[in-house]
Amino acid sequence: SAVISQKPSRDICQRGTSLTIQCQVDSQVTMMFWYRQQPGQSLTLIATANQGSEATYESGFVIDKFPISRPNLTFSTLTVSNMSPEDSSIYLCSVEPRLASTNYGYTFGSGTRLTVV
Amino acid sequence: AQTVTQSQPEMSVQEAETVTLSCTYDTSESDYYLFWYKQPPSRQMILVIRQEAYKQQNATENRFSVNFQKAAKSFSLKISDSQLGDAAMYFCAYRSEGQGFSFIFGKGTRLLVKP
């Protein structure tokens, strides 16, 4: 399975500012997924990032608020823009193995705990 | 659209005992995958076990096993010989077969293990 390094692990930010979260994978992957986990809740998909194309956003999430970059097959960033306290959550990235035959559970990053004050 | 339901917000088990976590799902697809993930306080999502829908045999990983009932759309997780380190949030997840699909997660069940 791929190994993901996600940074930062946690941050406390002022409202109105932006935070960029990075995920670095130790192998080339096709899809990368970004999830939000609000306090005490389950994981909700924000967007799917495919290298070389625009990210695909789920209902309720927009590019202006959560811009995503995917410059190559091993790296992606998620920016949380113009933050408000409602953005306080854990953000996780996940990857799909490049080989279609590798149908194991996808690997997750260790998560970024964001607190907006 | 697919949905995943975990009806037990919290469960507790005595150390060394057995506990079963419930999960039901809804889908019109015939081929898919089901997973149980564990999330300890460290936030790391850890794969516990997975099941391919086309397999009739229930998956087993050491102390963890599932009861997969495809017709009933049920996918429960049994933890045998529970250990203190099993205490965590457990999420049931669904994924369509093929590439490019993300997970659909249930709301989770918090498992408490009593010494």
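See the structure printed just above.
Here goes a summary of the coordinates provided. (Residues numbered from 1 in each chain as written. Chains lettered and ligands numbered in written order. Predicted model: local features only at pLDDT ≥ 70, side-chain atom pairs only at ≥ 80, totals over all residues. Heavy atoms only, no water.)

**Quick word on the overall build of chain A**
Right, on to step 1. The helix and strand inventory of chain A stands at zero helices and 11 strands.
Right, on to step 2. In summary, chain A has a C-alpha radius of gyration of 14 Å against a globular reference of 13 Å for 117 residues, a match within 12%.
Right, on to step 3. Expressed as lengths along the three principal axes of its C-alpha atoms, the size of chain A is roughly 45 × 25 × 25 Å.
Right, on to step 4. Here chain A, with 117 residues, has 50% of them falling under the buried criterion.
Right, on to step 5. Restricting the contact set of chain A to residue pairs at least 6 apart, pairs at least 24 apart contribute 54%.
Right, on to step 6. On chain A, roughly 5,400 Å² of surface is accessible, and the fraction owed to carbon and sulfur atoms is 48%.
Right, on to step 7. Placing the 8 positive and 8 negative side-chain charges of chain A at their respective mean positions leaves the two points 7 Å apart. (Helix = DSSP H or I, 4+ residues; strand = E, 2+ residues; numbered from the N terminus. Rg over C-alpha atoms; globule rule 2.2 N^0.38 Å. Buried < 20%, exposed > 50% of the residue type's maximum accessible area, 1.4 Å probe, protein only. Contact = heavy atoms within 4.5 Å. Areas by Shrake-Rupley, 256 points an atom, 1.4 Å probe, with all protein chains shown as cover. Lys, Arg positive; Asp, Glu negative; His and termini not counted. Charge placed at Lys NZ, Arg CZ, Asp CG, Glu CD.)

**Some words on the overall build of chain B**
Right, on to step 1. Regarding its fold elements, chain B presents zero helices and 12 strands.
Right, on to step 2. What you see in chain B, going N to C, is helices and strands ordered as β-β-β-β-β-β-β-β-β-β-β-β.
Right, on to step 3. Relative to the globule expectation of 13 Å for 115 residues, the C-alpha radius of gyration of chain B, 14 Å, shows essentially globular dimensions.
Right, on to step 4. Seen along its three principal axes, the alpha-carbon backbone of chain B occupies a region of about 40 × 30 × 20 Å.
Right, on to step 5. Across chain B, every contact between residues at least 6 apart in sequence was considered, and the portion connecting residues at least 24 apart equals 55%.
Right, on to step 6. Taking the average place of the 12 positive charges on the side chains of chain B and the average place of its 11 negative ones, the gap between the two points comes to 3 Å.

**Examining the interface of chain B and chain A**
Right, on to step 1. Counting from both sides, the interface comprises 21 residues of chain B and, opposite them, 28 residues of chain A.
Right, on to step 2. Buried surface at the junction of chain B and chain A, both sides included, amounts to about 1,900 Å², of which 49% is carbon and sulfur.
Right, on to step 3. The tally of links from chain B across to chain A stands at six residue pairs in polar contact (both at pLDDT 80 or more).
Right, on to step 4. Within the residue set of the side of chain B that touches chain A, elements represented by two or more residues are β5 (32-39), β6 (46-52) and β10 (88-96) of chain B.
Right, on to step 5. With four residues, β5 of chain B is the single largest residue contributor to the side of chain B that touches chain A.
Right, on to step 6. Tallied by class, the residues present in the side of chain B that touches chain A amount to nine nonpolar, eight polar and four charged. (Buried area = accessible area lost by both parts, 1.4 Å probe. Polar contact = N/O pair within 3.5 Å; in protein donor to acceptor, adjacent residues only side chain to side chain. Nonpolar A, V, L, I, M, F, W, Y, C, P; charged D, E, K, R; others polar.)

**A few points about the layout of surface pockets**
Right, on to step 1. If you add up the space inside the largest pocket, you get close to 430 Å³.
Right, on to step 2. Together, 22 residues line the largest pocket, and Q37, G40 and Q41 of chain A together with Q39 and R110 of chain B are the ones closest to its centre.
Right, on to step 3. Contributing elements (two or more residues each) for the lining of the largest pocket: β9 (89-95) and β11 (112-116) of chain A together with β10 of chain B.
Right, on to step 4. By residue number, the principal contributor to the lining of the largest pocket is β10 of chain B, which donates three residues.
Right, on to step 5. Here the residues of the lining of the largest pocket are counted per class, giving nine nonpolar, nine polar and four charged.
Right, on to step 6. Taken as a whole, the second largest pocket holds about 190 Å³ of empty space.
Right, on to step 7. Taken together, 12 residues line the second largest pocket, and the ones lying closest to its centre are I49, R50, E52, A59 and E61 of chain B.
Right, on to step 8. Elements with a minimum of two residues in the lining of the second largest pocket: β6 and β7 (60-61) of chain B. (1 Å grid on protein atoms, 1.4 Å probe; cavity = no way out; pocket = protein on both sides within 12 Å on 5 of 7 lines; lining within 4 Å. Points joined across faces, edges and corners; volume = space filled by probe spheres on them.)

**Some remarks on the pairing of strand β5 (residues 43-50) of chain A**
In the case of a regular strand, side chains alternate between the two sheet surfaces.
Residue and element names in this part refer to chain A.
Right, on to step 1. Most of β5 is tucked away: six of the eight residues are buried.
Right, on to step 2. Here strand β4 (residues 31-37) pairs with β5 via seven bridges, running antiparallel. By the bridge assignment, Q37 is partnered in β5 with L43.
Right, on to step 3. Here β4 hands over to β5 after five residues, with G40 in that stretch at a positive phi of 70°.
Right, on to step 4. Across two bridges, the pairing between β5 and strand β6 (residues 56-57) is antiparallel. When the bridges of β6 are listed, A47 appears paired with Y57.
Right, on to step 5. The loop that links β5 with its antiparallel partner β6 comprises five residues; one of these, G52, has a positive phi angle of about 90°. (Pairing = 2+ DSSP bridges.)

**A word on the environment of D31 of chain B**
All names here are of chain B.
Right, on to step 1. Along the polypeptide, D31 turns up in the loop between β4 (24-26) and β5.
Right, on to step 2. Between the alpha carbons of D31 and Y54 there is a distance of 6.4 Å; along the sequence they are 23 residues apart.
Right, on to step 3. Not counting residues up to four positions away in its chain, the partners in contact with D31 are Y54 and E97.

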